[in-house]
Amino acid sequence: MHITALPIVVPMIAAALLVSVRKWTPRLALDSSAISVGVASVTMCALILARTAHDGPFAYWLGGWQPKHMVSIGISLSIDPVGAGLATFAALLVTAALLYSWRYFDSIDGLFHALMLIFLAAMVGFSLTGDLFDLAVFFELMSATAYSLTAYKIEERGPIQGAINFAITNSVGAYGIFTGIGLLYARTGALNMAQIGAALDRHGTDPLVLVAMALLFIGFLTKAAAVPVHFWLADAHAVAPTPVCVLFSGVMVELGIYAVARLYWTIFAGPLHAHTEELRAILIAFGTMTAIWGGVMCYSQRHIKRLLAFSTISHVGMFLCGIGLLSADGLSGTATYIVGHGLTKAALFMLAGVLLHRFQNIDEFDLHGRGREIPWTGALFALGGILLSAVPVVTLFFGKSLLDGASLAAGYPWLPAVFVFSSMFTGGAVLRVAGRVFCGWGASKRPLDEEQAHQAREEEPEEQASRGRTPLLMLLVPASLLAAAIVIGVIPGAVPGIEVAAAHLRDHHGYIGWVLRGHVHFPPAETTHIAGYDYLYGAGAAVGAVALAALTLFGQPLLRRTPELLVRRAGIAIMAFRRLHSGHIGDYIAWWTAGAALLGGSSLIFLR
Amino acid sequence: MSFLPFAVAAWLFLVGLYGIVASQNLIRTIISLTIVQASTYVLLLSIGYRTGGQAPIFADIPATSNAVDPVVQVLMLTDVVVEATITALLLALAIQAHKRFGSLDPHELRALTD
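Rules used throughout
- Sequence order as written defines residue numbering, which begins from 1 separately in each chain.
- Chain letters start at A and ligand numbers start at 1, both assigned in the order the entries are written.
- Predicted model: local features are reported for residues with pLDDT of at least 70 only, side-chain atom pairs are reported and counted for 80 or more only, and whole-chain, interface and lining totals are derived from all residues.
- The numbering of helices and of strands both runs from the N terminus, where a helix is a DSSP run of H or I of at least 4 residues and a strand a run of E of at least 2.
- We call a residue exposed when 12 or fewer other C-beta atoms sit within 10 Å of its C-beta, buried when the count reaches 20 or more, and partly exposed for counts in between; the C-beta positions come from the backbone.
- Contact between two residues is assigned whenever their backbone-derived C-beta positions fall within 7 Å.
- Each radius of gyration reported is based on C-alpha atoms, and the globular scaling rule is 2.2 Å times the count of residues to the power 0.38.
- For this classification, Asp, Glu, Lys and Arg are treated as charged, while Ala, Val, Leu, Ile, Met, Phe, Trp, Tyr, Cys and Pro are nonpolar and the rest, including Gly, are polar.
- Lines fitted to C-alpha atoms define the axes, with helix axes restricted to the stretch in contact, and inter-axis angles between N-to-C directions lie between 0 and 180 degrees.
- Angle categories: roughly parallel below 35 degrees, roughly antiparallel above 145, roughly perpendicular from 65 to 115, and oblique for all the rest.
- Crossing chirality is assigned from the near helix's rotation relative to the far helix, an anticlockwise turn below a right angle marking it left-handed and a clockwise turn marking it right-handed.
- Each pair of strands is called paired provided DSSP finds at least two bridges between the two strands.
- The span expected for a helix works out to 1.5 Å for each residue beyond the first.
- What makes a nonpolar core is a set of buried Ala, Val, Leu, Ile, Met, Phe, Trp, Tyr and Cys residues, with links drawn between C-beta atoms within 7 Å.
- Scored from 0 to 100, pLDDT reflects the predictor's confidence in each residue.

What about the overall build of chain A?
Alright, step 1. Scanning chain A from terminus to terminus reveals 24 helices and two strands.
Alright, step 2. For the C-alpha atoms alone, the extent of chain A along its principal axes is close to 70 × 65 × 50 Å.
Alright, step 3. Here chain A, with 608 residues, has 63% of them falling under the buried criterion.
Alright, step 4. Nonlocal contacts in chain A, meaning residues at least 24 apart in sequence, comprise 84% of its contacts between residues at least 6 apart.

A word on the overall build of chain B
Alright, step 1. Check the secondary structure of chain B and you find three helices and zero strands.
Alright, step 2. Against the globule reference of 13 Å for 114 residues, chain B gives a C-alpha radius of gyration of 19 Å, more extended than a compact globule.
Alright, step 3. For chain B, the proportion of its 114 residues judged to be buried stands at 33%.

Looking at the interface of chain B and chain A
Alright, step 1. Counting from both sides, the interface comprises 36 residues of chain B and, opposite them, 40 residues of chain A.
Alright, step 2. Elements with a minimum of two residues in the side of chain B that touches chain A: α1 (4-22), α2 (26-48) and α3 (70-101) of chain B.
Alright, step 3. Of all the elements, α3 of chain B adds the most residues to the side of chain B that touches chain A, at 14 residues.
Alright, step 4. A class-by-class count of the residues in the side of chain B that touches chain A yields 23 nonpolar, nine polar and four charged.

Here we look at the packing of helix α6 (residues 157-188) of chain A against helix α7 (residues 193-203) of chain A
Residue and element names in this part refer to chain A.
Alright, step 1. Axis separation between α6 and α7 bottoms out at 10 Å; the angle between their running directions is 60 degrees. The pairing of α6 with α7 is recorded here as oblique in orientation. Seen from above, α6 lies across α7 with left-handed handedness. Facing α6, whose interface residues are L184, R187 and T188, α7 presents I196, A199, L200 and H203.
Alright, step 2. The class makeup of the residues in the contact of α6 with α7 is four nonpolar, two polar and one charged.

Here's the deal with the pairing of strand β2 (residues 76-79) of chain A
Residues and elements named next belong to chain A.
Alright, step 1. The two faces of β2 match: S76 and S78 on one face and L77 and I79 on the other face are all buried.
Alright, step 2. Here strand β1 (residues 58-61) pairs with β2 via four bridges, running antiparallel. Across the sheet, residue W61 finds its bridge partner in β2, namely S76.

Concerning the environment of H69 of chain A
Alright, step 1. Topologically, H69 of chain A is positioned in the loop between β1 and β2.
Alright, step 2. Sequence separation between H69 of chain A and L516 of chain A is 447 residues, and the spatial gap between their C-alpha atoms is 8.2 Å.

Considerations on helix α3 (residues 81-104) of chain A
Alright, step 1. The end-to-end C-alpha distance of α3 of chain A, which contains 24 residues, comes to 34 Å, matching closely the 34 Å that a straight helix rising 1.5 Å per residue would cover.
Alright, step 2. Of all 24 residues in α3 of chain A, 23 are buried, a share of seventy percent or more.

Observations concerning the nonpolar core
All names here are of chain A.
Alright, step 1. Core analysis: the biggest nonpolar cluster contains 261 residues, and A90, L93, F119 and M123 have the highest contact counts within it.
Alright, step 2. Here this core takes 19 residues from helix α10 (residues 242-268), the largest share from any one element.
Alright, step 3. Excluding anything up to four places from it in sequence, L93 contacts V246, L247, G250, V251, G342 and A346.

Here's the deal with unusual backbone geometry
Residues and elements named next belong to chain A.
Alright, step 1. Across the junction of V227 and P228, the peptide omega takes the value 5 degrees, indicating a cis bond.
Alright, step 2. Secondary-structure assignment places P228 in the loop between α8 (207-224) and α9 (231-239).
Alright, step 3. With a phi close to 50 degrees, H69 is a non-glycine residue in the positive phi region.
Alright, step 4. Judged by local crowding, H69 falls into the exposed class, with 7 C-beta atoms found within 10 Å.

Let's talk about helix α13 (residues 328-359) of chain A
All names here are of chain A.
Alright, step 1. The end-to-end C-alpha distance of α13, which contains 32 residues, comes to 46 Å, matching closely the 46 Å that a straight helix rising 1.5 Å per residue would cover.
Alright, step 2. Taken across its 32 residues, α13 has 32 buried, putting it largely inside the fold.
Alright, step 3. Once α13 finishes, Q360 follows within two positions and takes phi at roughly 55 degrees, a positive value.

Points about the packing of α10 of chain A against helix α12 (residues 304-324) of chain A
Residue and element names in this part refer to chain A.
Alright, step 1. Two numbers describe how α10 lies on α12: the axes approach to 10 Å, and their chain directions differ by 20 degrees. Overall, the two elements α10 and α12 adopt an arrangement that is roughly parallel. Remark: the crossing between α10 and α12 carries right-handed chirality. Residues C245, S249, V253, E254, I257, V260 and A261 of α10 form the contact with α12, whose participating residues are K305, L308, T312, V316, F319, L320 and I323.
Alright, step 2. The class makeup of the residues in the contact of α10 with α12 is 10 nonpolar, two polar and two charged.

So, the confidence of the model for chain A
Alright, step 1. With 97% of its residues at a pLDDT of 70 or more, chain A shows a mean pLDDT of 90.
Alright, step 2. When pLDDT is averaged over each element of chain A, α8 of chain A comes out on top at 95 and helix α17 (residues 450-456) of chain A at the bottom at 70.

Some thoughts on the confidence of the model for chain B
Low-pLDDT stretches of the model should not have their predicted coordinates read in fine detail.
Alright, step 1. When the pLDDT values of chain B are averaged, the result is 90; 98% of them are 70 or greater.
Alright, step 2. Here the complex is predicted with pTM 0.94, and the ipTM for its interfaces comes to 0.95.

Description of the environment of A382 of chain A
Residues and elements named next belong to chain A.
Alright, step 1. Summarising the element assignment, A382 is placed in helix α14 (residues 375-388).
Alright, step 2. For A382, a count of 20 C-beta atoms within 10 Å translates into the label buried.
Alright, step 3. Sequence-distant contacts of A382, that is, excluding residues within four places in its chain, are made with L431 and A434.

Below, the structure is given as structure tokens:
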């Protein structure tokens, strides 16, 4: 008996069962069975991860349709440590979110649990599959459940609009992916990623392959929310139920980045080998744009969930730069960073959920000082902000140090400054909120943005009961996630383990070998040591975040002395950026088209 | 093999995008989205087309005969299933939007401006 396909199958069957019995099943049974399926999935994924770590990556051919003479007709799960690790991580976060929602929702029926389990199955399938078309199908399954979960509170205006924007933008991205798959199939006659890679190694690139690559990348970057195809993310995060936001920011968005990395190294790394420099420049340009745009937007929000959403966009920019460096340290740094970021951001959303649960409001200014009655939540929230700024020596810090080293090695010495900017603004924004809400520091009113403040007040609360106290479980779950985010990086062997996993993902010829021939190859993995300047950058970003938050909260006298013209100009510039996020789906698709044209055009010009 | 089906696919993709961008009505937006998806049907089917090819049902014809590619047809079928799901979901959301905003004009959906 092979358990490889079970973490995909078991949650799906469980979801179907839950839907059919939900009318007669008490709440406790629904929650406990969904959580146990989650725990079972974590266990199975962890077993698979252990096997890849021990015996190397392996391909599992569904129905026993093995490839013959390097030609595959069957469908494979091609599992390497990065894929198995992501699957485990996704299962873990789903379980945490289910545990959190146990006490978070007052009345909820089995549909929510079923959707969460299907979402889990889709994410695990997405991480494990070795077939390009299956990747797209799991992408769609993941998306469809995500749209439904966003619109879970179907009678409210915000969730309806958020789900529409999310669904249309991501569907357009998915159709880009389908088109790209069609073009690659036309060129290579294959759907298995290893076989496509092998065929393109022989064939080389041509404009058709480049267009296919651009369409696939922009499609997956839509899910990853890179600028300028990121607009859906803030809308969806602002309105989705909090446990769902945990998954969106914690792992779903990162899966888009994973897909880009997977496609590059399995399919395009061979034929595009001569153009590594140019592709690196293109991806880093997109990444830098995303990191800065997200950071600025994040700092200018007052709706706390929207603020966290833009913080995710800024970090996606860092991930994209990290992948885009196309190097060993860039990839392992991104992987490490994704683990730390996912845990931290999940915890922050859960803590924002505590505010929403208690006050039915998520506006930073409305909540001024009201958080004093829940000091523990405040302490954890501030801790999350510090972690987000990648202070030494938490998990995020190790990821960022690898990224810093990789940037210098690839000839992008200014890139660490972008990372510091992103850490400073996203960490600073969270600290600012913590200071204002939980300590009552700073101004309690901002005349601007009443519209956004209005959106932050709930139309219909997610929970109806007395909000006098916050269930302990709702603090325990984020506290353990934050503890994990601190500890994982310093566990001996954790970061080197990620470096070994990344070496497997980067091994283009090795991948083709173990999928199609069953020859496992262990690529050499170097362990990087942290340089002195990394501590300097890390500490600098953390100090910068604290200083930025303090300046905003207490710096009014200082701000009055700066020339008024300067302040007003900066205000106008930021407002112009913010106005682009209009909530209008037509605008978002216009930006999507521009992004696709930009990526496709630059690929056709520079990668030929 | 004619160039025309590929041109049609590209045209459908772009005209669908234009439809979403310019739409004044959510139903029209959703129909435009299905047009974008229709472009993938045309593309996939034309990739599998063989001049003079038969239906790939090898129970009736010799295994060596000229047949169109069944793989892309299967992909297209999956694509149709996806479309049915997404369109149904979006239409349900459009009904709710009409109920809550009193309008189907995307300009009137103002719950999420930044």
